[in-house]
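# Architecture at a glance
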Amino acid sequence: MAQQKNGQNVDVNQLLKVRREKLQDLQERGKDPFQITKYDMTHHSMEIKDHFDELEGKTVSIAGRMMFKRVMGKASFCNIQDLQGSIQSYVARDNIGEESYTDFKKYDVGDILGIKGEVFKTKTGEISVHATEVTLLSKSLQVLPEKFHGLTDTDTRYRQRYVDLIMNPEVKDTFIKRSKVISSIRRFLDAQGFMEVETPMLVSNAGGAAARPFETHFNALNEDLKLRISLELYLKRLIVGGMERVYEIGRVFRNEGLDTRHNPEFTLMELYQAYTDYHGMMDLTENLYRHVAKEVTGSEVITYGEHTMDLSKPFARITMIDAVKQYANVDFNEIHTTEEAKKVADEHHIEYEDRHQKGDILNLFFEEYVEEHLIQPTFIMDHPVEISPLTKKKPEDPDYVERFEFFMNGWEMANAYSELNDPIDQRERFEAQEKAFEAGDDEANHTDEDFLNALSIGMPPTGGIGYGIDRMVMMMTNSPAIRDVLLFPTMKSLDK
């Protein structure tokens, strides 16, 4: 294995051997960097640059990874990279002492240093730290990717995110923004009177969504359990218990495929509010997205790829039937039976399964003809009852439910209901889901008797919604794939 250095191939194994020898020499001389337990850092790089007028001539202590070094006889320059960015340091023998300077010249790119010195500006105008002390805080025993080509292989970037964060500053910026998105959501909801809660990840019945669960075995109780696919059913239990506004941000797990928008474990936020309906959830979603966009990006206009989405305008609201009529020129108000729906599906080459009913086929038309057109923020309302087992029916049209999906950039970003609180109706829906499972739908819900018992005690009219946090972060950071916003995405083992 070799890499380019000054136009010549260098044996990486030899470079690694040299680094270990340098460490051994330091240890033999009583200068083992791994024995250092702390370093009193006073400033980060951007703080110094942003407040140069106040700090010029004053002593600061910085710490970070050395990403560049140029030795010029009795004086040298290096660049130190920290959380906020990087800053240059001027290191001279006469200022730090001959022994320290001799050691410094042997330090490698990738080593972590602490540098104490005065803030000044070079003749070329670069804000720098004139070192009076240099401390080796950690010895890097591995070679970083070659500077000018960087770390570009996506597989390696995802597997070795720690190297990706070092070599690609924009990646660190993405994850700083991810943290800001979640903090912004919490601030918004807390101000609205919501309470954040935590519910079980290991469950006996993984319900609340249409997905295949991961299964495991709990030895202590000798019981099979599942990893949750949703947060819904436990949060609704809390509404029954009188907690009127609750939310949870947490990992859920779905045993499904990998692509640019799907990872088997991902971050979901669900919230439930008593005494409101899906219209209340639409209003909350509009306000939440505007709030987060403004705090994280500084604007209510988001650019993602080739699309620009304006969150400042009222979000479009259209029923699923009207959307299909608009984009597929098929009016499901004129289709009254499953047989008629299947006939129209055949005419439009829409594939369906024998078990599918009229409502399922309406949804298939929507997925085929409509989704890709929903670039600007849009609420798709009033889904068929067949695909909404936990949603309250529309009183004037019980074939449809009070549900919406929120779309941007052609993606589903959120899913919301006027929650079903009728325990008799809910039991019938569960029974229909059990029949669907027996007919081959391995993503169907199963009957949850404890949840039915909770509904029997009484749940007030409630609005609920689930947001895909990873997709929201993708949108706010213009990231092309979900793996770009997950610090450690799921990867196939290299041993397989």
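Quick note: structure is the one above.
Notes on the structure follow. The shown structure was predicted, so the numbers you read here are calculated from the model rather than taken from an experiment. (Residues numbered from 1 in each chain as written. Predicted model: local features only at pLDDT ≥ 70, side-chain atom pairs only at ≥ 80, totals over all residues. Heavy atoms only, no water.)

## What about helix 9 (residues 232-240)?
- Buried residues dominate helix 9, accounting for 7 of its 9 residues.
- For helix 9, the elements touching its buried residues are strand 12 (245-253), strand 13 (265-274), strand 21 (411-418), helix 15 (449-457) and strand 22 (462-468).
- Positive backbone phi, at 100°, marks Gly-242, one or two positions downstream of helix 9. (Buried < 20%, exposed > 50% of the residue type's maximum accessible area, 1.4 Å probe, protein only. Helix = DSSP H or I, 4+ residues; strand = E, 2+ residues; numbered from the N terminus. Contact = heavy atoms within 4.5 Å.)

## Observations regarding the pattern of salt bridges
- As enumerated under the stated definition, the model contains 36 salt bridges in all.
- Among the salt bridges present, the one from Asp-103 reaches Arg-29, with a minimum N-O distance of 2.8 Å. Of this pair, Asp-103 sits in helix 5 (residues 98-106) while Arg-29 sits in the loop between helix 1 (12-28) and helix 2 (45-50), and the two are 74 residues apart along the sequence.
- Overall, the relative accessible area of 6% leaves Asp-103 in the buried class.
- The class of Arg-29 is partly exposed, set by a relative accessible area of 35%.
- Overlapping salt bridges, with partners in common, bring together Arg-19, Lys-22, Asp-108, Asp-111 and Lys-139 in one network. (Salt bridge = Lys/Arg side-chain N within 4 Å of Asp/Glu carboxyl O.)

## Details of a nonpolar patch on the surface
- A cluster of nonpolar side chains, contributed by Tyr-162, Leu-487 and Phe-488, occupies part of the molecular surface with about 350 Å² of accessible area.
- With respect to the helices, strands and loops of the structure, Tyr-162 is situated in helix 7 (residues 161-167). (Patch = residues over 30% accessible without salt bridge, like charges linked within 9 Å, V, L, I, M, F, W, Y side chains within 5 Å. Areas by Shrake-Rupley, 256 points an atom, 1.4 Å probe, with all protein chains shown as cover.)

## Considerations on the sheet that holds strand 8 (residues 195-196)
- Spatially, the 8 strands line up as an open sheet ordered 8-12-13-22-21-20-17-16, and their pairing is mixed. Since the sheet does not close on itself, it has two edges, and those belong to strand 8 and strand 16 (316-319), each with one partner.
- Pairing between strand 21 and strand 22: 5 bridges, direction antiparallel. Looking at the pairing, Ser-418 lines up with Gly-463 of strand 22.
- This element, helix 9, spans strand 12, strand 13, strand 21 and strand 22 of the sheet and lies at about 25° to strand 13. (Pairing = 2+ DSSP bridges. Axes fitted to C-alpha atoms, helices over the stretch in contact; angles between N-to-C directions.)

## Quick look at helix 13 (residues 358-369)
- The end-to-end C-alpha distance of helix 13 is 17 Å, a good match for the 16 Å that 12 residues give at a rise of 1.5 Å each.
- Within helix 13, 9 of the 12 residues are buried, which leaves it mostly tucked inside the rest of the structure.
- Those residues of helix 13 that sit buried are Lys-358, Gly-359, Asp-360, Ile-361, Leu-362, Asn-363, Leu-364, Phe-365 and Phe-366.
- Residues of helix 13 that are buried make contact with helix 11 (320-328), helix 12 (338-347), strand 17 (378-381), strand 19 (397-401) and strand 20 (403-408). (Expected span 1.5 Å × (residues − 1).)

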